[in-house]
Amino acid sequence: MVQRFPVSQKDPPAPHKALVKCINKYGISFEAVDPPVAVLKAMPLWHHPGEDSEKRQENNGQRAECLRINHAALTIGDGLEMAVRLENPEHSTRDICECVECNEDRVEHGCENPHACAKKAASRLGQIHPRWIPRLGDERGETEPTAPDDDSEVFVPPDKITSIAQGLRAMTNRGGEPTERPAPRPRRRGQALPRAQRTVVYIAGVIHTPPGEKSTAAAAFSMEGEVNEQMGKCIPATSDQSQYVAEFFAALAALRSVNENTTLTIYTVEPLRTHTSVNP
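Taking an unreviewed UniProt entry as the reference, the protein is identified by name as RNase H type-1 domain-containing protein belonging to Mycena pura.

Across its full length, the protein holds seven helices and seven strands. Starting at the N terminus, the α and β elements of the protein follow one another as α-β-α-α-α-α-α-β-β-β-β-α-β-β. Of all 280 residues assigned to the protein, the portion counted as buried reaches 31%. For the protein, the proportion of contacts with a sequence separation of at least 24, taken over those separated by at least 6, is 69%.

Here the focus is the state of the cysteines. Using the criterion set out here, one finds zero disulfides in the structure. Note on Cys-97: no disulfide assigned, nearest cysteine sulfur contributed by Cys-99 at a separation of 3.4 Å.

What follows covers the nonpolar core. Counting residues in hydrophobic clusters, the biggest one holds 24 residues, and the most contacted among them are Phe-30, Leu-67, Ile-76 and Leu-125. Listed by contribution, the elements that provide at least two residues to this core are helix H2 (37-42), helix H3 (62-69), helix H4 (76-83) and helix H6 (114-126). Formed by 15 residues, the second largest nonpolar core is a distinct cluster that contains Met-223, Met-231, Ala-250 and Ala-254.

Here the structure, examined in full by the defined rule, presents one aromatic pair. Each ring, one from Phe-248 and one from Phe-249, has its centre 6.1 Å from the other, and the planes form 80°; the classification is edge-to-face. Judged by relative accessible area, Phe-248 falls into the exposed class, the value being 53%. One cation-aromatic arrangement involves Arg-68 over Trp-46; the distance from NZ or CZ to the ring centre is 4.9 Å.

With that settled, consider the packing of H3 against H6. Interhelical geometry of H3 versus H6 gives an angle of 95° and a closest axis separation of 9 Å. One finds that H3 runs roughly perpendicular with respect to H6. Packed against H3, whose contacting residues are Arg-63, Ala-64, Cys-66 and Leu-67, the element H6 presents Ala-116, Cys-117, Lys-120 and Ala-121 at the interface. Grouping the amino acids of the contact of H3 with H6 by side-chain chemistry returns six nonpolar, no polar and two charged.

For the rest of this paragraph, the subject is a negative patch on the surface. Taken together, the side chains of Glu-90, Glu-101, Glu-104 and Glu-108 make up a negatively charged region of the molecular surface. Tracing the backbone through its elements, the reader meets Glu-108 in helix H5 (residues 100-108).

Before going further, it helps to examine the side chain of Arg-85. Relative to the helices and strands, Arg-85 is located in the loop between H4 and H5. The exposure class assigned to Arg-85 is buried, which follows from its relative accessible area of 5%. Among the polar contacts listed, one links the side chain of Arg-85 to the backbone oxygen of Met-82, at a separation of 3.4 Å. With near-sequence residues (within four places) excluded, Arg-85 lies in contact with His-91, Glu-101, Cys-102, Asp-105, Pro-114 and Ala-118.

To continue, consider unusual backbone geometry. Even without glycine at this site, His-47 takes up a positive phi of about 55°. Mapped onto the elements of the fold, His-47 is located in the loop between H2 and H3. A residue is classified by how much of its surface remains accessible, and His-47, at 17% relative accessible area, is buried. Look at Ala-72: it is not a glycine, yet its phi comes out positive at around 55°. Looking at the secondary structure, you find Ala-72 in the loop between H3 and H4. With a relative accessible area of 43%, Ala-72 lands in the partly exposed category.

For the rest of this paragraph, the subject is the pairing of strand E3 (residues 198-208). The buried count for E3 comes to eight of eleven residues, which makes it a mostly enclosed element. Across six bridges, the pairing between E3 and strand E6 (residues 263-268) is parallel. Following the sheet pairing, Tyr-202 is matched in E6 by Tyr-267.

Okay, the packing of H4 against H6 next. For any two helices packed against each other, the geometry comes down to the angle between their axes and how far apart the axes lie. Viewed as axis vectors pointing N to C, H4 and H6 meet at an angle of 130°, and their least axial separation amounts to 8 Å. What the angle tells us is that H4 and H6 run oblique. Handedness of the crossing formed by H4 with H6: left-handed. On H6, the residues touching Ile-76, Gly-79, Leu-80, Met-82 and Ala-83 of H4 are Pro-114, Cys-117, Ala-118, Ala-121, Ala-122 and Leu-125. Looking at the contact of H4 with H6, its residues break down into ten nonpolar, one polar and no charged.

Cut-off values and rules
Residues numbered from 1 in each chain as written. Predicted model: local features only at pLDDT ≥ 70, side-chain atom pairs only at ≥ 80, totals over all residues. Heavy atoms only, no water. Helix = DSSP H or I, 4+ residues; strand = E, 2+ residues; numbered from the N terminus. Buried < 20%, exposed > 50% of the residue type's maximum accessible area, 1.4 Å probe, protein only. Contact = heavy atoms within 4.5 Å. Disulfide = S-S within 2.5 Å. Core = buried A, V, L, I, M, F, W, Y, C linked by side-chain atoms within 4.5 Å. Phe/Tyr/Trp six-rings, centres within 6.5 Å; stacked < 30°, edge-to-face > 60°. Lys NZ or Arg CZ within 6 Å of the ring centre and 35° of its normal. Axes fitted to C-alpha atoms, helices over the stretch in contact; angles between N-to-C directions. Parallel < 35°, antiparallel > 145°, perpendicular 65-115°, else oblique. Nonpolar A, V, L, I, M, F, W, Y, C, P; charged D, E, K, R; others polar. Patch = residues over 30% accessible without salt bridge, like charges linked within 9 Å, V, L, I, M, F, W, Y side chains within 5 Å. Areas by Shrake-Rupley, 256 points an atom, 1.4 Å probe, with all protein chains shown as cover. Salt bridge = Lys/Arg side-chain N within 4 Å of Asp/Glu carboxyl O. Lys, Arg positive; Asp, Glu negative; His and termini not counted. Charge placed at Lys NZ, Arg CZ, Asp CG, Glu CD. Polar contact = N/O pair within 3.5 Å; in protein donor to acceptor, adjacent residues only side chain to side chain. Pairing = 2+ DSSP bridges. Left-handed = near helix turned anticlockwise from the far one by under 90°.

Following this line, the structure appears as structure tokens:
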């Protein structure tokens, strides 16, 4: 579960099918703030979750296969044990190095070029972010945190993990859980004016009759009180061009111009007949 190896979603290997399904379902990943050296050494050397994305990752190849099969170098700790010989003054860079470690790898593990494998292990360690690689000889002696007094406000960090299993995190998908939807907002037709308590509105139907043409009607209203608004426009040509229809359009327009908490007192004025055009 810790490694980042790519596995085909269509046809993964049989031993990995259930594992990959579990990882994808629960979003399992590994994360730790300050893991101890023992946990860092137990992390996988290949397909490490802390691989440096800016560096080319070499998880395969002849030397990588030899390290896994012949040297059984599977963890960070195994890689460090392979790479530490490069600092040994008795070690030679030739493939026939006669140092103790290379002789053991050549005789007991069947490796033809132990130096190349040690160099590969060091290169592989360099492809992982440094925060995941313990320094040689660094055992980070752990000390128990001192518990503060009950009245103290000193921050006490959580206990450090002691195994890889304690660093696994599951980020589940909460898409299937019911979510509380907010109450719908009431829809208002037209633009609501500021809250008002009482307003008087005068409506009128204006009839315009050009010489030799049909009459056209226009609706008009004027408000007085806590809301001041005026409007005048021609009514649709498909409607009856009469005073009563124009007054109806004026009253409807006045109602749409205020919010629901406004009390309107509507008065009608004497019908107007004019030969002056009213701008729509």
